[in-house]
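Architecture at a glance
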Amino acid sequence: MADLRIDFAGIKSPNPFWLASAPPTNSGYQVQRAFEAGWGGAVWKTLGDPILNVSSRFAAVSFNGQRVAGFNNIELITDRPLEVNLKEIYETKKRFPNHAIIVSLMVEPKQEKWHEIVKRVEDVGVDGLELNFGCPHGMAERGMGAASGQVPDLVERQTYWAKEAAKTPVIVKLTPNITDITVTAEAAVAGGADAISMINTINSLAGVDIDTWNTIPHVAGKGAHGGYCGPAVKPIALNMVAECARNPRINVPISGIGGIANWKDTVEFMLMGAMGVQICTAAMHHGFRIVDDMIEGLSNYLDDKGLSSVMDLVGKSVQRYSDWGELDLNYKVVAKINTDVCINCNKCHIACEDTSHQCIDMLKDESGQSYLKVREEDCVGCNLCSIVCPADGAIDMVELANELPPMTWNERQAVIGSLGTSSADFVK
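The paragraphs below set out a description of the structure included in this document. Computed from a prediction, not measured in an experiment: that's the story for all the values here. Every chain's residues receive numbers from 1 upward, in the order its sequence appears when written. Local features are withheld for residues below a pLDDT of 70 in this predicted model, meaning they are given only at 70 or higher, and side-chain atom pairs are given and counted only at 80 or more; totals for whole chains, interfaces and linings count all residues. In computing side-chain properties, one takes all heavy atoms of the structure into account and sets aside hydrogens as well as water.

1. Some remarks on the side chain of Thr175
Under the DSSP-based scheme used, a helix requires at least four consecutive residues in state H or I and a strand at least two consecutive residues in state E, with every element numbered from the N terminus. Position of Thr175 among the secondary structure elements: in the loop between β9 (170-174) and α6 (181-190). By relative accessible area, which is 0% here, Thr175 ends up buried. Of note is the side chain of Thr175, whose polar atom sits 3.0 Å from the backbone nitrogen of Asn177. Under the scheme applied here, a residue whose accessible area is under 20% of the maximum for its type counts as buried, over 50% as exposed, and between as partly exposed, the area being computed with a 1.4 Å probe on protein chains only. We call two N or O atoms a polar contact when they sit within 3.5 Å, provided that within protein one can donate a hydrogen and the other can accept it, with sequence-adjacent residues counted only if both atoms are side-chain atoms.

Now the structure itself:
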């Protein structure tokens, strides 16, 4: 059986599954229940000056019969006194000494404020700290959260202030509400961060009730933008993790967050450079016991791959992630329709005919039976037909043999430049 233990920037955990700083980690009761269920760690809901929350505060986006494809919230940081949280953190760590307890922090961008809260939290025996530079609503209007996280200088400076006082590892949680997350990740590293985590929630409005015209959610008929998470944000989060993992200037461990709902998602994030993951929406949707399937599935996967440790996954796909200009222009795949599996719904034909390259023909065999066939010479390998096909195995994307050597766009442009001609002339 593979070893699921991780050592994340010096924080040891029995497995890579942590609860993210959010409603599920609001109290000692909840975190202790999570540890009993099998979670390896938890990031305590953000501490700072207690706030007042509103009602209601959650909303969800469902799609094609799937509930909670996306989740939106306008909830803020802890609304419980700091002393109460610290007492529960102490009690939880004493009861579960081998589980990772990281505490999320958010205060005003002042050196003395960071020094004070870091010392008070570390005094109760935590394994690490996570600086919340990502919350996109409520706290941002007060100059904290994403308001700090969108300014590289503030990220670097506040990280440095926290590190001045910290004796445990400091993780910096980054906002996705920015043009290039690697810029703020580099700032966190420059400030001395021991690790980074991403992504926090994305600015969003879940919807509008077309009967009442109220926003969803609304508070006495008024709404505000919130933070979006859940399965719908996974591709965005995965890209941002990958961009940071392949950046040589960001040479610290990454905790992956964003739409992770099962062990397969975890494997993807770890292959793209995450050393562990944090989960929220899936736990809110299905409860803490989902970690059973995650642990079992990940363990079986590692055994099937012949890997002795979950750490063997970390970053193995990063070198395969590059820029468009590094892709092989001469690589060619085409669609192949398997008529024995095809259910003749014609969705592939409609999609190709209306919105792609019109390369799927509707034909009849000798008996008059209709069937579909791809004209390979016109197929560009866009994958659209296989994406819309509802029948598993009905369409394969097949690689074609190519006599031309690999050539990227960057290589092509280099050749053009060496010939002293323009790209337009080269095309001619």
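2. What about the pairing of β9?
Of all five residues that make up β9, five are buried, and the element is covered over most of its length. Residues Val170, Val172 and Leu174 point to one face of β9 and Ile171 and Lys173 to the other, with burial holding for every one of them. Being paired, for any two strands, means DSSP has found at least two bridges between them. Pairing of strand β8 (residues 128-133) with β9 involves five bridges; the strand directions are parallel. What sits directly across from Glu130, in β9, is Ile171. Handedness of the crossover is the feature at issue here: the chain leaves β9, passes through α6, returns alongside strand β10 (residues 195-198), and the resulting connection is right-handed. Clockwise travel from the first strand over the helix to the second, with the strands pointing away from the viewer, marks a crossover as right-handed.

3. Description of the sheet that holds strand β16 (residues 274-279)
Sheet strands associate in pairs through backbone hydrogen bonding, adopting either a parallel or an antiparallel arrangement. Read around the closed barrel, the eight strands follow the order β3-β4-β7-β8-β9-β10-β15-β16; overall the barrel is parallel. Strand after strand, the sheet turns through a mean of 25° between neighbouring axes, direction not considered. Every residue pair with non-hydrogen atoms within 4.5 Å of one another is taken to be in contact. The convention used is that axes are lines fitted to C-alpha atoms, helices contributing only their stretch in contact, and that angles between N-to-C directions extend from 0 to 180 degrees. Along the sheet, helix α7 (residues 234-245) contacts β10, β15 (254-257) and β16; its crossing angle with β15, the most-contacted strand, is approximately 165°.

4. As for the environment of Gly381
One can find Gly381 in the loop between β19 (370-374) and α12 (384-388). Since its relative accessible area comes to 16%, Gly381 is described here as buried. Each C-alpha atom of the pair Gly381 and Val333 lies 5.0 Å from the other, and the pair is 48 residues apart in sequence. Gly381 has contacts with Val333 and Met397, leaving out every residue within four places of it along the chain.

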